[in-house]
Amino acid sequence: MAEIPQTLPSIYTQVVQSSEYLKNLVPEGLKAPRFAIICGSGLGGLRETIHAEPRYEISYKDIPNFAHSTAPGHAGKLVFGLLGESKTPVVLMVGRVHFFEGHSIERVTFPVRVFKLLGVETVIVTNAAGGLNKEYKVGDICVLNDHINMPGFSGAHPLRGPNVDEFGPRFPPLSDAYDLKLRKAAHLAYKKLKLSNPNRKLREGIYAFVSGPSYETRAECRFLLALGADVVGMSTVPEIIVARHCGLRVMAMSLVTNEAIVEPVPRGDSELVQNTAEDKLNDIIEAGKANHEEVLEAGALAATDMQALVKQLVDDLVQ
């Protein structure tokens, strides 16, 4: 007789299981964080913004139903603690999981739903991104006010499939995804900071989400720029969609870690290429090429200002 296949627990059941597991481990005073802060590539130093005690850390590998982070610059753990002079309870996601790692987009966004059941009210999402807007420079911080979900156009959408009614409606609006009050507060908080780099600017713009893991071609960068995107990256949007579906407030920031190349690829029959020695051709084609090591380096250099901004923002919001 054929064995009857076992059905997996529903997403809601899994989220409940994970949240209850954490509630049983996290010390009193940290069990109900008001803010969840998702740390992007090279931005794991944000965990240094919280007080040394009390603090509780747990690896994703030890949390039921959590996916494991494999990308460089992503530690893969939750850190519970108190942030700022206000000593506000927060949970930090030190390193995220990505769609490009092979996880389902449903699994990528799973922690956001856990945060909802832990009592989180606001999600602050950070990421490292490429600057498409030519006014943006490496080290600038961009407050996001809208997004373009490229994978979502082809069906890779975090709400695809049966709706999880316990969290939100079948057709949630996203025209108000990026909370205006939070964006206003971020700009005001930034003006209070003593920056490590006085030339660092706080921008506001549109984020294009692409699946990765390859960086974008020149033609793709021009395409995204023509659509109105200011920065481009491989995360954030799925988490924001699920956060809004859950009714959480959203604040998102990109650290510009490289300037995307939008100039067309040099033609093989151009005068420049024809008159360049063979051993120098790679210098032409590789000028400005992005690599992950540079992304992490730029993130490390700007981390102190990003940390200070998050800390100041949370203190201002709870006053």
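Procedures and definitions
- Residues numbered from 1 in each chain as written.
- Predicted model: local features only at pLDDT ≥ 70, side-chain atom pairs only at ≥ 80, totals over all residues.
- Heavy atoms only, no water.
- UniProt positions renumbered as here; feature names shortened; annotations may be inferred.
- Salt bridge = Lys/Arg side-chain N within 4 Å of Asp/Glu carboxyl O.
- Buried < 20%, exposed > 50% of the residue type's maximum accessible area, 1.4 Å probe, protein only.
- Helix = DSSP H or I, 4+ residues; strand = E, 2+ residues; numbered from the N terminus.

- Going by an unreviewed UniProt entry, the chain carries the name Purine nucleoside phosphorylase and comes from Ascobolus immersus RN42.
- As stated in UniProt under Function (unreviewed entry), the record for the chain gives "The purine nucleoside phosphorylases catalyze the phosphorolytic breakdown of the N-glycosidic bond in the beta-(deoxy)ribonucleoside molecules, with the formation of the corresponding free purine bases and pentose-1-phosphate. Cleaves guanosine and inosine."

**Considering the pattern of salt bridges**
Next up, step 1: Going through the model one piece at a time under the given rule, you end up with 12 salt bridges.
Next up, step 2: Glutamate 48 is the partner of arginine 47 in a salt bridge, and the nearest nitrogen-oxygen pair spans 3.7 Å.
Next up, step 3: For arginine 47, a relative accessible area of 24% translates into the label partly exposed.
Next up, step 4: Salt-bridge contacts for aspartate 140 lead to arginine 203; the nearest nitrogen and oxygen are separated by 3.1 Å. Placement of the pair is aspartate 140 in the loop between β5 (122-131) and β6 (141-149) and arginine 203 in strand β7 (residues 202-209), with a sequence separation of 63 residues.
Next up, step 5: Classification of aspartate 140 as buried rests on a relative accessible area of 3%.

**Quick notes on unusual backbone geometry**
Next up, step 1: For the peptide bond that leads from glutamate 53 to proline 54, omega is -10°, which places it in the cis range.
Next up, step 2: Mapped onto the secondary structure, proline 54 falls in strand β2 (residues 50-59).
Next up, step 3: The peptide bond linking glycine 212 to proline 213 adopts the cis configuration, its omega dihedral lying at 10°.
Next up, step 4: In this structure, proline 213 sits in the loop between β7 and α6 (218-227).
Next up, step 5: Positive phi values are uncommon outside glycine, yet asparagine 65 reaches one of about 75°.
Next up, step 6: Residue placement: asparagine 65 occurs in the loop between β2 and β3 (77-83).
Next up, step 7: Judged by its relative accessible area of 24%, asparagine 65 falls in the partly exposed class.
Next up, step 8: Even without glycine at this site, lysine 87 takes up a positive phi of about 50°.
Next up, step 9: Inspection of the secondary structure assignment puts lysine 87 in the loop between β3 and β4 (88-94).

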